[in-house]
Amino acid sequence: MKQKNILTIFLLVFVALSIGYLIFQETDKQPNIKTEEITSGTKIVAFYFHRTKRCPTCLKIEKYADEAIKTGFADELKSDLLEWRNVNIDDKENEHFEDDYQLYAQSVVLVEIKDGKQEKWKNLEQIWDLVGNKEAFINFIQKEIKLFMEKS
């Protein structure tokens, strides 16, 4: 009987610690976008979040977004006011972005970092509706980045 009580206590402690660990993991999640290098000022980061396996449409989204940003914001990229990052959310260290930015498909997300902290973000979900029209897609991305930067 004494062994049964010890085993029961051990299992209860194990379960309590496991639950505590899971709660800590969930509440500790902040978008991990390596803001430590941005200690002062404001910076906008444009992300293209994708998976390892990509269809032709997903590759086209990346290509059009890349073109829109590099042709429309060359000065901002050069001055580090804007940064363009491709992130594979299938990589273990990037999986959290799916929850952080409520991703359900490949996405372009704009993030404002001010004095080392994320201030706001916006998922440009309309890219899927515009991918069939390159000019409209590029215009949309450029317009959204300009608006996002103006509000920063």
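Refer to the structure presented above.
Worth saying up front: this structure is predicted, and the values here are computed from it rather than measured.

> Would you mind going over the side chain of Gln106 with me for this structure?
Mapped onto the elements, Gln106 comes out in the loop between helix H4 (97-100) and strand S3 (107-114). Those residues within four positions of Gln106 in sequence are excluded, and the remaining contacts are Tyr48, Phe49, His50, Arg51, Lys53, Arg54, Cys58, Ile127 and Trp128.

> Can you walk me through the sheet that holds S3 in this structure?
The sheet built from four strands is open, its strands ordered S2-S1-S3-S4 with mixed pairing. Strands with a single pairing partner mark the edges of an open sheet, and in this sheet they are strand S2 (82-88) and strand S4 (117-123). Each adjacent strand pair in this sheet contributes to an overall mean axis angle of 25 degrees, direction not counted. Looking at chain direction, strand S1 (residues 42-50) and S2 are connected through seven bridges and run parallel. Within S2, the position partnered with Phe49 by the bridge is Val87. Where helix H2 (residues 56-72) meets the sheet, it contacts S1, S2 and S3, and its direction lies at approximately 165 degrees from that of S2. Strands in contact with helix H6 (residues 134-150) are S1, S2, S3 and S4; relative to S3, the strand with the most contacts, it is inclined by about 20 degrees.

> Sorry if this is basic, but what is going on with the packing of aromatic side chains here?
Any two aromatic rings considered together are summarised by their centre-to-centre distance and by the angle between their planes. Applying the stated rule across the entire model yields seven aromatic pairs. Measuring from centroid to centroid gives 5.9 Å for Phe97 and Tyr101, while their planes differ by 10 degrees, and the two rings are stacked. Of the residues examined, Tyr101 reaches a relative accessible area of 0% and is grouped as buried. Pairing Tyr101 with Trp121 gives two aromatic rings, centres 5.0 Å apart and planes at 70 degrees, and the pair type is edge-to-face. Of this pair, Tyr101 sits in the loop between H4 and S3 while Trp121 sits in strand S4, and the two are 20 residues apart along the sequence. Put simply, the rings of Phe47, Phe49, Phe97, Tyr101 and Trp121 touch in pairs and so form one group of aromatic residues. The cationic tip of Lys120 hangs over the ring face of Phe148; the distance from NZ or CZ to the ring centre is 4.5 Å.

> Would you explain the nonpolar core in this entry?
Taken as a class, soluble globular proteins show a tendency for nonpolar side chains to be buried jointly. Ranked by internal contacts, the top residues of the largest apolar core, which has 24 residues, are Leu82, Ile127, Phe137, Ile141 and Ile145. When residues of this core are traced back to their parent elements, those giving at least two are S1, H2, S2, S3 and H6. Examining the composition of this core, we find that seven residues originate from one element, H6, more than from any other. The next biggest cluster of nonpolar side chains, apart from the first, holds 11 residues, and it includes Phe97, Leu103, Val111 and Ile113.

How each quantity is defined
Residues numbered from 1 in each chain as written. Predicted model: local features only at pLDDT ≥ 70, side-chain atom pairs only at ≥ 80, totals over all residues. Heavy atoms only, no water. Helix = DSSP H or I, 4+ residues; strand = E, 2+ residues; numbered from the N terminus. Contact = heavy atoms within 4.5 Å. Pairing = 2+ DSSP bridges. Axes fitted to C-alpha atoms, helices over the stretch in contact; angles between N-to-C directions. Phe/Tyr/Trp six-rings, centres within 6.5 Å; stacked < 30°, edge-to-face > 60°. Buried < 20%, exposed > 50% of the residue type's maximum accessible area, 1.4 Å probe, protein only. Lys NZ or Arg CZ within 6 Å of the ring centre and 35° of its normal. Core = buried A, V, L, I, M, F, W, Y, C linked by side-chain atoms within 4.5 Å.

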